[in-house]
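Chain residues, written in single-letter form:
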Amino acid sequence: MPDVGKNAEFEALALPLFDSLYNFAHWLAQDRHDAEDLVQETYAKALKGFGSFRPGTNFRAWMFKILRNTFLTSRTGLSSSHTEPLEPGDEDRVLPVTSHTPETLVITQDLGEALQQAIEALPLASREVLLLADVEEMSYHDIAEALSIPIGTVMSRLARARKAARQKLIESGYARKKGTVARQ
Amino acid sequence: MTCEAWQTKLDAYADAELPAETMRSMAEHLSGCPACTAELVQIIQQKRVTALAGKRYSAPPELRARIRQQIEAKPARGGWQWALGLALAAVVVIGLGLAIVLPSRTAARNRLIAGVVDSHITALASASPVDVVSTDRHTVKPWFAGKLPFTFNLPELGGSPFTLDGGRMVYLDSRPGAHLIYGVRKHHLSVFILQDGGDFSRLLPTAAEPWRSLSFNVTSWSAGGLRYFVVSDAAPEDVSALAELLKRAN
Ligand SMILES: [Zn+2]
């Protein structure tokens with residue numbers, strides 16, 4: 001006899017996260033089919049492990065954690081983490097000081113697209129923290145939970161990820177240094 | 001603390017992730033530092049564009065259906081009695097339903113209020129915060145006539161600590177409105193007046209309620225079909241005092 005209670009509870013909690021999980025999966029895997037497999041496997045694993053989910057911890061963070069761990073152990077995930085340079089002195093590193101000449105975002109129609117390319121080009125460690133913070137609007141606490149890193153590391157990685165994305169926008173002419181003229 | 005030191009905390013400040021004490025001292029620093037405020041505005045802008053651009057991929061509907069089937073077909077774990085399990089599920093689902101709906105509404109409301117605070121910060125950080133510069137409400141009010149599909153009254157400030165700096169057009173929740181900037185001692189207050197409806201009336205209360213967002217004090221209410229916001233880093237008492245003046249004038 002199926003355990004209707006447990007499954008219904010899981011469905012009520014997990015299904016509303018479907019769109020967010022898929023979007024995140026696609027950003028990680030950068031491929032539609034891999035993303036679909038990833039999401040399906042995430043739900044299967046989460047349902048199986050639902051008994052071990054501790055009430056009181058954040059369910060959303062828990063789902064994203066399963067998805068991300070599934071990705072990291074997948075073929076794409078393994079190859080992408082291998083080809084990525086390790087960031088030196090990553091943990092709790094003091095943030096680089098912001099430049100004295102702040103840049104200004106030039107809001108244009110293509111800005112969103114340029115930003116997507118900038119995010120795509122970020123190393124995985126930066127990309128995932130940026131997406132969880134700014135797209136999923138997760139708290140640092142929940143991001144720390146999802147990525148299994150300390151909160152201090154969330155804070156420093158996120159600040160650096162935003163700066164790196166902005167730097168790419170400047171390079172492609174969508175943001176400019178204060179007082180200079182933007183390229184087309 | 002130097003500006004460089006403050007600026008290392010700006011991202012966490014924009015995310016409202018600093019300890020309350022640091023949030024307050026940062027707000028104090030920002031109110032007197034255009035350079036750090038300009039940096040903050042950029043971070044907030046970038047966050048907003050990322051939020052939109054990051055929602056890039058949508059899943060095929062068949063995948064959702066497939067996963068739902070998977071969940072519902074999954075055989076039992078554990079030996080619960082069927083009826084008890086079902087009753088419990090009903091309770092849990094009702095409870096969860098609320099738990100899921102409430103935070104997302106709160107999140108939507110917080111986003112809306114953050115947008116209002118964002119407009120306040122952006123205007124003050126810009127080179128010309130107001131388009132009509134006048135301390136006279138009889139000059140400012142007519143400036144909006146013809147630009148907005150509604151009218152409103154501005155309060156008489158005599159005997160109050162407030163001064164009127166001027167006004168500009170604003171777009172919030174993609175509707176046009178009036179943005180008035182007032183001063184009280186060393187602080188600025190923004191007043192936003194727009195037509196009520198949509199997300200405003202869905203997410204915000206009719207009667208004034210105080211909030212804090214990014215260490216700014218915010219209040220909002222609705223009257224006569226219009227939605228009012230007052231935003232400032234000034235004390236909550238100043239914010240509600242200006243709100244009172246506006247309510248009496250309208
Ligand atoms: Zn400063």
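Residues numbered from 1 in each chain as written. Chains lettered and ligands numbered in written order. Predicted model: local features only at pLDDT ≥ 70, side-chain atom pairs only at ≥ 80, totals over all residues. Heavy atoms only, no water.

(A) Fine view of the packing of helix 3 (residues 32-49) of chain A against helix 5 (residues 61-73) of chain B. Where helix 3 of chain A meets helix 5 of chain B, the closest approach of the two axes is 10 Å, and the angle between their N-to-C directions is 20°. If you check the angle between helix 3 of chain A and helix 5 of chain B, you find them roughly parallel. The interaxial crossing formed by helix 3 of chain A with helix 5 of chain B has right-handed handedness. Taken together, the residues of helix 5 of chain B that come into contact with helix 3 of chain A (itself represented by A:Glu36, A:Val39, A:Gln40, A:Tyr43, A:Ala44 and A:Leu47) are B:Leu63, B:Arg66, B:Ile67, B:Gln70 and B:Ile71. (Axes fitted to C-alpha atoms, helices over the stretch in contact; angles between N-to-C directions. Helix = DSSP H or I, 4+ residues; strand = E, 2+ residues; numbered from the N terminus. Parallel < 35°, antiparallel > 145°, perpendicular 65-115°, else oblique. Left-handed = near helix turned anticlockwise from the far one by under 90°. Contact = heavy atoms within 4.5 Å.)

(B) Quick peek at the packing of aromatic side chains. Under the criterion given, the structure shown has 17 aromatic pairs over all chains. Ring geometry for A:Phe24 against A:Phe64: centres 5.2 Å apart, planes inclined by 65°, an arrangement best described as edge-to-face. Residue A:Phe24 is found in helix 2 (residues 18-29), and its partner A:Phe64 is found in helix 4 (residues 59-73); the two are separated by 40 residues along the sequence. The burial state of A:Phe24 is the same as that of A:Phe64; both residues are buried. Within the aromatic cluster, the residues linked to one another by ring pairs are A:Phe10, A:Phe18, A:Tyr43, A:Phe50, A:Phe53, A:Phe59 and A:Trp62. Sitting above the plane of the B:Trp143 ring, B:Lys147 keeps its charged end 3.9 Å from the centroid. (Phe/Tyr/Trp six-rings, centres within 6.5 Å; stacked < 30°, edge-to-face > 60°. Buried < 20%, exposed > 50% of the residue type's maximum accessible area, 1.4 Å probe, protein only. Lys NZ or Arg CZ within 6 Å of the ring centre and 35° of its normal.)

(C) Spotlight on the packing of helix 8 (residues 140-147) of chain A against helix 9 (residues 151-171) of chain A. All names here are of chain A. Contact geometry for helix 8 and helix 9: axes closest at 8 Å, N-to-C directions at 100°. Considered as vectors, helix 8 and helix 9 are oriented roughly perpendicular to each other. Here Tyr140, His141, Ile143 and Ala144 of helix 8 come into contact with helix 9, specifically with Ile151, Val154, Met155 and Leu158. Counted by class, the contact of helix 8 with helix 9 contains 7 nonpolar, 1 polar and no charged residues. (Nonpolar A, V, L, I, M, F, W, Y, C, P; charged D, E, K, R; others polar.)

(D) View of the nonpolar core. Counting 95 residues, the largest nonpolar core has A:Phe10, A:Val39, A:Tyr43, A:Phe59, A:Met63 and B:Tyr13 as its most contacted members. Mapped onto the domain boundaries, this core takes at least three residues apiece from domain 1 (2-74) and domain 2 (102-183) of chain A. Membership of the second largest hydrophobic core comes to 27 residues, among which are B:Phe150, B:Leu189, B:Val230 and B:Val239. (Core = buried A, V, L, I, M, F, W, Y, C linked by side-chain atoms within 4.5 Å. Domains from an automatic or database assignment.)

(E) Representation of helix 2 of chain A. Residue and element names in this part refer to chain A. Its 12 residues give helix 2 an end-to-end C-alpha distance of 16 Å, which sits within 8% of 16 Å, the value for a rise of 1.5 Å per residue. Of all 12 residues in helix 2, 10 are buried, a share of seventy percent or more. Among the residues of helix 2, those classed as buried are Phe18, Leu21, Tyr22, Asn23, Phe24, Ala25, His26, Trp27, Leu28 and Ala29. Gln30 sits one or two residues past helix 2 and shows a positive phi near 55°. (Expected span 1.5 Å × (residues − 1).)

(F) Looking closely at the coordination of the zinc ion. Residue and element names in this part refer to chain B. Taken together, Cys3 (SG), His29 (NE2), Cys33 (SG) and Cys36 (SG) make up the protein donors of the zinc ion, found 2.1 to 2.3 Å from the metal. One can describe the donor arrangement at the zinc ion as tetrahedral, given that its 4 donor atoms subtend angles of 102 to 116° at the metal. Here the donor residues of the zinc ion are spaced in sequence according to C-x25-H-x3-C-x2-C. Judged by relative accessible area, which is 19%, His29 ranks as buried. (Donors = N, O, S within 2.8 Å, 3.2 Å for Na, K, Ca; no water. Tetrahedral: all angles 85-135°; square planar, octahedral: opposite > 155°, others 65-115°.)

(G) Fine view of the side chain of A:Asn7. In this structure, A:Asn7 sits in helix 1 (residues 4-14). Among the residues examined, A:Asn7 registers a relative accessible area of 9% and is labelled buried. At 2.8 Å, the side chain of A:Asn7 forms a polar contact with the backbone oxygen of B:Ile71. (Polar contact = N/O pair within 3.5 Å; in protein donor to acceptor, adjacent residues only side chain to side chain.)

(H) Region of interest: helix 3 of chain A. Taking 1.5 Å as the rise per residue, helix 3 of chain A with 18 residues should run 26 Å; its terminal C-alpha atoms sit 26 Å apart, in good agreement. Near the N-terminus of helix 3 of chain A, the side chain that reaches the backbone nitrogen of A:His33, with its oxygen 2.9 Å away, is that of A:Asp31.

(I) Spotlight on the side chain of B:Asn217. Residues and elements named next belong to chain B. Tracing the chain through its elements places Asn217 in strand 6 (residues 216-223). Within the structure, Asn217 has its side chain in polar contact with the backbone oxygen of Ala234 (distance 2.8 Å). Discounting residues that sit within four places of it in the chain, Asn217 has contacts with Trp211, Arg212, Val230, Val231, Ser232, Ala234, Ala235, Pro236 and Val239.

(J) Molecular detail of the sheet that holds strand 6 of chain B. Residue and element names in this part refer to chain B. The strand order 1-2-3-4-7-6-5 describes an open sheet built from 7 strands, whose pairing is antiparallel. Edge strands, defined here as strands with exactly one partner in the open sheet, are strand 1 (132-133) and strand 5 (209-213). Strand direction decides the pairing type here: strand 5 and strand 6, joined by 5 bridges, are antiparallel. Residue Pro210 lies in a different strand from strand 6, and its bridge partner there is Thr219. (Pairing = 2+ DSSP bridges.)

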